[in-house]
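Residue-level listing of the chains:
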Amino acid sequence: MRDFVPVATLNYSDLVMVVHPSVPVNSLQEFIALAKAKPGKLSYASSGGGGPYHMAAELFKKITGTDIVHVSYRTSGEQRKAVIEGHRDMTFDAIPTMAPTVRAGQVRALGTSSATRSEVLSDVPTISEAGVPGFDAGIWLGIVAPAGTPKPTSSTPRSTRPSPAPSSSPHGSARAQHP
Amino acid sequence: MTVTPAEFDAFLHKDIEKWVQVAKFSGAAGQ
């Protein structure tokens, strides 16, 4: 952080936690109870160690005290497919990407990842309101400049932190998956 | 939400601290 100065944020995208329909839960609390009853038996997919979906799931495990096995895939497409086809029980994914799959019933959404409900999946509770207070995870994009950049330059841009509205562009969604 | 560079700076430091702890918990920090 000493090498950069923050300039502006560009985008913020919420995530959604989903399970395969065969997982016998209808709520986040039921999922937590199942995971605690079967430590190390449930698994979740990510698109790579250290990535946003891996970190969101690890934050969930850390807060809830659950033991859910991480299975890393090479791409977010493979990660998504693993849950849709039932090879893995759960995953976190970007809302604009996963919403059509949720609406089609291919996966079951248990919660969204920020402090407020998503406009895209407004019927899905936030993970925080569903029983994991304080849970907050998402993907943001921003601009930083080299340390020492003159302040009038680095402070000129202003930015927004938009909610993950339906207007999120396909380009923004794709970019958010691969920060 | 409009943020200033100073607000972004504060957010960035807080967010990095948060995710460092999660990465340590997951074991990803050592990968």
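First things first, this report covers the structure right here in the doc. On a predicted model such as this, the values are computed, not experimentally measured, just so you know. (Residues numbered from 1 in each chain as written. Chains lettered and ligands numbered in written order. Predicted model: local features only at pLDDT ≥ 70, side-chain atom pairs only at ≥ 80, totals over all residues. Heavy atoms only, no water.)

Summing up its helical and strand segments, chain B has one helix and one strand in all. The proportion of buried residues among the 31 residues of chain B is 29%. A total accessible area of about 2000 Å² is found for chain B, and carbon and sulfur atoms account for 59% of it. (Helix = DSSP H or I, 4+ residues; strand = E, 2+ residues; numbered from the N terminus. Buried < 20%, exposed > 50% of the residue type's maximum accessible area, 1.4 Å probe, protein only. Areas by Shrake-Rupley, 256 points an atom, 1.4 Å probe, with all protein chains shown as cover.)

Glancing now at the overall build of chain A. The number of helices and strands found in chain A is six helices and seven strands. Mapped from its N terminus to its C terminus, chain A presents α and β elements in the order β-α-β-α-β-α-β-α-β-β-α-β-α. Counting every position in chain A, which comprises 179 residues, the buried fraction comes to 48%. Restricting to contacts in chain A with at least 6 residues of sequence separation, those with at least 24 account for 73%. Of the roughly 8300 Å² of accessible surface on chain A, a fraction of 54% belongs to carbon and sulfur atoms. (Contact = heavy atoms within 4.5 Å.)

Where charged atoms from two side chains of opposite charge come close, those side chains can pair. Residues and elements named next belong to chain A. Counted by the stated rule, this structure contains four salt bridges over all chains. For R117, the salt bridge goes to E129, with nearest N and O atoms at 3.0 Å. With R117 in the loop between β5 (108–112) and β6 (138–146) and E129 in the loop between β5 and β6, the pair connects residues that are twelve residues apart, well separated along the chain. (Salt bridge = Lys/Arg side-chain N within 4 Å of Asp/Glu carboxyl O.)

Residues and elements named next belong to chain A. Its place among the elements puts I32 in helix α1 (residues 28–37). By relative accessible area, which is 8% here, I32 ends up buried. The spatial distance from the C-alpha of I32 to the C-alpha of R88 is 16 Å, given a sequence separation of 56 residues. Once residues within four sequence positions are removed from consideration, I32 is found in contact with F60, T64, T66 and V132.

Turning our eyes to something else, we now look at the nonpolar core. Core analysis: the biggest nonpolar cluster contains 33 residues, and M17(A), L28(A), F31(A), F60(A) and F92(A) have the highest contact counts within it. Mapped onto this core, the elements with two or more residues apiece are β1 (4–19), α1, α2 (52–64) and β4 (90–94) of chain A together with α1 (5–26) of chain B. The leading source of residues in this core is α2(A), at six residues. Those residues in contact with L28(A) that lie beyond four places of it in its chain are M17(A), F60(A), L110(A), I127(A), A130(A) and V132(A). (Core = buried A, V, L, I, M, F, W, Y, C linked by side-chain atoms within 4.5 Å.)

Residues and elements named next belong to chain A. Of the pairings in the sheet, the one linking strand β2 (residues 43–46) to strand β3 (residues 69–72) comprises four bridges and is parallel in character. Bridge pairing in β3 places Y44 opposite H70. With respect to chirality, the unit in which β2 leads through α2 into the neighbouring parallel β3 is right-handed. (Pairing = 2+ DSSP bridges. Right-handed = clockwise from strand over helix to strand, strands pointing away.)

Residues S76(A), Q79(A), R80(A), A82(A) and V83(A) constitute the buried set of helix α3 (residues 76–84) of chain A. Down the axis of α3(A), the buried set is contained in an arc of 155°. They therefore lie on one face. (Arc of directions from axis to C-beta.)

Attention now moves to the packing of α2(A) against α1(B). Running from amino to carboxyl end, α2(A) crosses α1(B) at an angle of 80°, the nearest separation of the two axes being 9 Å. As summarised for this structure, α2(A) and α1(B) are arranged roughly perpendicular, according to the angle between their axes. Together, H54(A), M55(A), A56(A), E58(A), L59(A), K61(A) and K62(A) of α2(A) and K18(B), W19(B), Q21(B), V22(B), A23(B), F25(B) and S26(B) of α1(B) make up the contact between the two elements. In terms of residue class, the contact of α2(A) with α1(B) is made up of seven nonpolar, three polar and four charged. (Axes fitted to C-alpha atoms, helices over the stretch in contact; angles between N-to-C directions. Parallel < 35°, antiparallel > 145°, perpendicular 65-115°, else oblique. Nonpolar A, V, L, I, M, F, W, Y, C, P; charged D, E, K, R; others polar.)

On to the packing of aromatic side chains, then. Aromatic ring pairs are reported here in terms of the distance separating the ring centres and the angle at which the planes meet. According to the stated counting rule, one finds six aromatic pairs over all chains in the structure shown. Between F31(A) and F60(A), the ring centres sit 6.3 Å apart and the planes meet at 45°, which makes this aromatic pair tilted. Note that F31(A) is positioned in helix α1 and F60(A) in helix α2, a separation of 29 residues in sequence. Here F31(A) matches F60(A) in class, with each residue buried. The interplanar angle of 70° and the centroid separation of 5.5 Å between the aromatic rings of W140(A) and F11(B) together place this pair among those described as edge-to-face. Note that W140(A) is positioned in strand β6 and F11(B) in helix α1, a pairing that runs across two chains. A relative accessible area of 24% means that W140(A) is categorised as partly exposed. (Phe/Tyr/Trp six-rings, centres within 6.5 Å; stacked < 30°, edge-to-face > 60°.)

So, to be careful, I would describe these as geometric facts and stop short of saying anything about function.
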